[in-house]
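Observations on chain architecture
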Amino acid sequence: MRKSVLRDFFLFFLPFIICFTFLFFLSQFSRIVSAKVTSLITEMAGPDFSLGGLSISSARGIRLERVKVHNAFGFDFSADAVTFKYSWQHLWPVKLAIKNIVMAEVKIDQWAETRRFSLKEIRNFKNRRFKFWGGLEVVLNEAVFCFENFYLDISLPLDKQASRELTIDFCLDGRDQKISFDGKISPDGGFLATPCHFSGHFDPVGKDLLVDASVDYTEYHFSGSGIISDFLGQPQADIKFHSQPISLDYYRWFKTVKTKEGQVSFLGHLTGPLNDLNVKMEFIIPSTEIALEKDTLGLDHISGLINYRLRDKIFYIKQIKAAVDNNFAINISGKIEHIFSPKLELRCQMQYLEQSSKQYDWAVEFQGQSSENRLAGSAQLIWLGAESRQYVCLLKDMSMQKKDPLSAKSDFVVTAKGLEFIEQIIRDNKELPLQKLFFDQLALEVNFLGKRTLIEQLTVDGYGGRVSAQGNFYFNEKEREYMMDFNLNKIDFKDIEVFYPVYAEVSGIISGQVSASHHKGGQVKGVLTAERFRLTHFNPLDKIADFLGLSTMKEIIDAQIVVDFDLSAQESIIEQFDFDSESLQMRSHFNVSKGRWLEGVVALSMPRVTLAESKIFKRLMAIAREREEKLDFLVRVSGYADSLRTELIESTLRDTLKERLSTRIQKYIEEKINKAMESQRN
Amino acid sequence: MKTMRILVSFLMILCFEMSRAAYLFANDLQIPLKSSPQIDDSFQLLDLRNKLQESRLKPEERNKTHFAIVEYFLKTNDLTDAQMALGQHIQSDLVDITTFLANVYLYKIANYRHDQRKADLLKKGIFDNKFVLLFEKFQQIQFTSLLGNKYEIRHFVDRIEVLLNGDVLEKIGS
């Protein structure tokens, strides 16, 4: 009875004992194998490889712990755990097929410095196989590689920091012909606010690698495809991508200012070698409206074409175009370096839509740097006038900043340490300067209030005086208005070269008021006076002086000038153009019609002593027995500005001569004068 | 269907020809030009063209001959050919009184055809000479063409009067 109980007891526990013994031996075997495999791997891998531990389990697979590889592909690799899940495919030869490799807490050091990962690894990835001691063959062609918490130190385009550690989870699946990848980049609290998902696949075809990928980040959904040619040698990318249309609401600035729904779409093209990729980006916004103070600004057909070079980190703006208020088109081009402390080289052209003959109407060029609320550098304002004339205002050492950085108002202060005003004519694509004026400094307070630009105060110092101005501009689709008042205070021009209508050198202290306005047509009105006015090298005067033999006329010294004008596109009136000097006094009045036809009356008064310098006049005055101290002439001028005709309407000298000279001599004198005029023209 | 096509084609040709005829008959710009008594009227154009072919012809004579051809077209009221010949004439290297008169004729035709832009441009070219009138009210230039037409050009300070055979041909002014 006792024996049978003991036997039953033994038989009951025997399977457990066998199992326990088997497990004990298995664990001992596993421990021995793990130690052996660890020493084998360490031995095979060499001194650059270190392993913290290894465990083999039929359920959990092979688990390598605290793996470190020094100088793998030029960088240090470490992982807290690398787990291989496997299956035995054949008993003989012994073959271990890896099904899944999971690497956790992976770190790569010096990645940012080296970045020496080669695309060759993609091809090798599928066909990698190893043979171990005892003939054990390990194959990877059915393996899925997964990385959990892969910490990668990487430099990203458009990132303020030089490099950034990102946490990436992703898997590479090479079981099919294509190698698929799928993963996400975790938000880092700085550059990435939300996770960035990515997926796609590589398809090696000969020397080329076909790429198909998509990226999802916040509202952006980019998908693209293309080819990396010669990926085993000198890889060249040619990948096109596009985005789904994104609502403008996504952009905080647009959300606050827009009054009309709008969407933006992106198209892109990656080209060039992988280490110097060129990104071409196009964006299109069909139409939107922006709410300004008391106004709306219509923007249509907004499109942009921008190139970005990864290596030099420069944005090349080929063009950003838009139609504003159906009134004018703007076109911005240039380049931006260092996006976070931008160095700018930009040109913005503006063209009125109803005038297509000109290349552009206005242009602004800026070269310099932008920091928070401040622009510093040099700027050019260019206006293309009629008859190929170009007016350039060059601001040197200029800065523009918000008057009060905390204020919501768009009040700006602009200063410049030098201002150059150039009028030039463009012939055969060459710029021929006509006038050049240099001022010492400029100070401007400007306020952008909706579509209205208020020039609160503008002062330009130079030539010993000051030009100050106030005014405003207002442009919308229906109206184009401006009003500017200029005040010139004792601007002392010294030997200023005037190039048109004819060359002359001018000096004098000029003061006066000029107002320019545009309301259903442009108008310039003003009164200018000049003291100590000096006019030399004035070609028509020189010719007449040579003909008459009046050398004093060649140089008009210490004159006083008053000009009162009202100029508009329809009809211009020069109410008063008066000139007083010792050798000449002039009072005149001119009208210029729309077709630039000029009609005017000029009253001239010259001292007899001055006229007597001329042999001809001396003779004529002798014939007329002229005894008056001053001789007066009333002249009518008529014709186009560059071919004026003159008729002597009233002159006592002429009337007396008419009585005393024969018609033949009168004709002879007139012919001689006109021949001189003709030679002057030629 | 075929008949319809023929009918439509016929109507289109008819409309085109009628509009062309209407345009030709509308050339009622009458210029009182004379014919040369020395040249047979029937062969005037042929003779002038033959003369123009002469290689020894001086530039001044060439201009005069070409201007006579212009006058012939104007006299026969062939404005299309006249305008073409006038265009050629003002392109000539030699600028003389006939160039001025050619511009005046072109101005007259432009006004007749209500081409204001062209007329304004021509007016600017015609007034492209400056002069001073001291004793006279106007400057006078006279010219007789190969066809015997007498021109008198009076340059006033604000206008130009062109007289042809004693009658006012054109007044150009402000």
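Not measured: the values here are computed from a predicted model.

1. Some details on the overall build of chain B
The helix and strand tally for chain B stands at six helices and five strands. Secondary structure of chain B in N-to-C order comes out as α-α-α-α-α-α-β-β-β-β-β. The contacts in chain B between residues at least 6 apart in sequence include a share of 45% that link residues at least 24 apart.

2. Topic: the environment of Gln 585 of chain A
Residues and elements named next belong to chain A. Take Gln 585: it is sitting in strand S37 (residues 585-592). Residue class for Gln 585 comes out partly exposed when judged on the 18 C-beta atoms lying within 10 Å of it. In this structure the C-alpha to C-alpha distance between Gln 585 and Lys 630, which are 45 residues apart in sequence, comes to 10.0 Å. With residues up to four places along the chain from it excluded, the contact list for Gln 585 reads Phe 579, Asp 580 and Ser 605.

3. Considering the pairing of strand S34 (residues 522-536) of chain A
Residue and element names in this part refer to chain A. Bridge analysis of strand S33 (residues 504-518) against S34 gives 13 bridges, and the strand direction is antiparallel. Bridge assignment links Glu 505 to a residue of S34, and that residue is Thr 536. Connecting the antiparallel pair S33 and S34 is a turn made up of three residues, with Lys 520 showing a positive phi of about 55°. As judged from the 10 bridges shared by S34 and strand S35 (residues 556-568), these two strands associate in the antiparallel manner. Residue pairing for S35: Lys 525 is matched across the bridge by Asp 566.

4. Some details on the pairing of strand S12 (residues 208-217) of chain A
Residues and elements named next belong to chain A. Taken together, the 10 bridges between strand S11 (residues 196-205) and S12 define a ladder with antiparallel strand orientation. Its bridge partner being in S12, Phe 198 is matched across the sheet by Val 215. Taking the residues between adjacent antiparallel strands as the criterion, S11 and S12 are bridged by two residues, where Gly 206 takes a positive phi near 60°. Sheet topology note: the S12/strand S13 (residues 220-229) ladder contains nine bridges and is antiparallel. Among the inter-strand pairings, Val 215 is bridged to a residue of S13, identified as Phe 222. Between S12 and S13, which pair antiparallel one after the other, the connecting turn spans two residues, and Thr 218 there sits at a positive phi close to 45°.

5. With respect to the interface of chain B and chain A
Across the contact, 15 residues belong to chain B and 22 residues belong to chain A. Going through the elements one at a time, helix H6 (116-126) and strand S1 (132-133) of chain B are the ones with two or more residues in the side of chain B that touches chain A. A breakdown of the residues in the side of chain B that touches chain A according to their chemical character gives seven nonpolar, two polar and six charged. Looking at chain direction, strand S40 (residues 643-650) of chain A and S1 of chain B are connected through two bridges and run parallel. Along S1 of chain B, the bridge assignment pairs Thr 646 of chain A with Val 132 of chain B.

6. Regarding the packing of helix H5 (residues 97-112) of chain B against H6 of chain B
Residues and elements named next belong to chain B. It is at 9 Å that the axes of H5 and H6 come closest, and there the two elements cross at 160°. As summarised for this structure, H5 and H6 are arranged roughly antiparallel, according to the angle between their axes. Handedness of the crossing formed by H5 with H6: left-handed. Here Asn 103, Val 104, Leu 106, Tyr 107, Ala 110 and Asn 111 of H5 come into contact with H6, specifically with Lys 118, Ala 119, Leu 122, Lys 123, Gly 125 and Ile 126.

7. Points about the nonpolar core
In terms of nonpolar packing, the biggest core is built from 29 residues, with Val 70 and Tyr 105 of chain B touching the most fellow members. Looking at this core, the elements that each hand over two or more residues are helix H3 (59-75), helix H4 (79-90), H5 and strand S4 (159-164) of chain B. Here this core takes eight residues from H5 of chain B, the largest share from any one element. In this view, Tyr 105 of chain B contacts Val 70, Leu 74 and Leu 86 of chain B; residues no more than four positions away in its chain are not counted. In terms of nonpolar packing, the next biggest core, distinct from the first, is built from 22 residues, Met 400, Val 460, Val 467 and Phe 533 of chain A among them.

So, how was this worked out
Residues numbered from 1 in each chain as written. Chains lettered and ligands numbered in written order. Predicted model: local features only at pLDDT ≥ 70, side-chain atom pairs only at ≥ 80, totals over all residues. Helix = DSSP H or I, 4+ residues; strand = E, 2+ residues; numbered from the N terminus. Contact = placed C-beta atoms within 7 Å. Buried ≥ 20, exposed ≤ 12 C-beta atoms within 10 Å, placed from the backbone. Pairing = 2+ DSSP bridges. Nonpolar A, V, L, I, M, F, W, Y, C, P; charged D, E, K, R; others polar. Axes fitted to C-alpha atoms, helices over the stretch in contact; angles between N-to-C directions. Parallel < 35°, antiparallel > 145°, perpendicular 65-115°, else oblique. Left-handed = near helix turned anticlockwise from the far one by under 90°. Core = buried A, V, L, I, M, F, W, Y, C linked by C-beta atoms within 7 Å.

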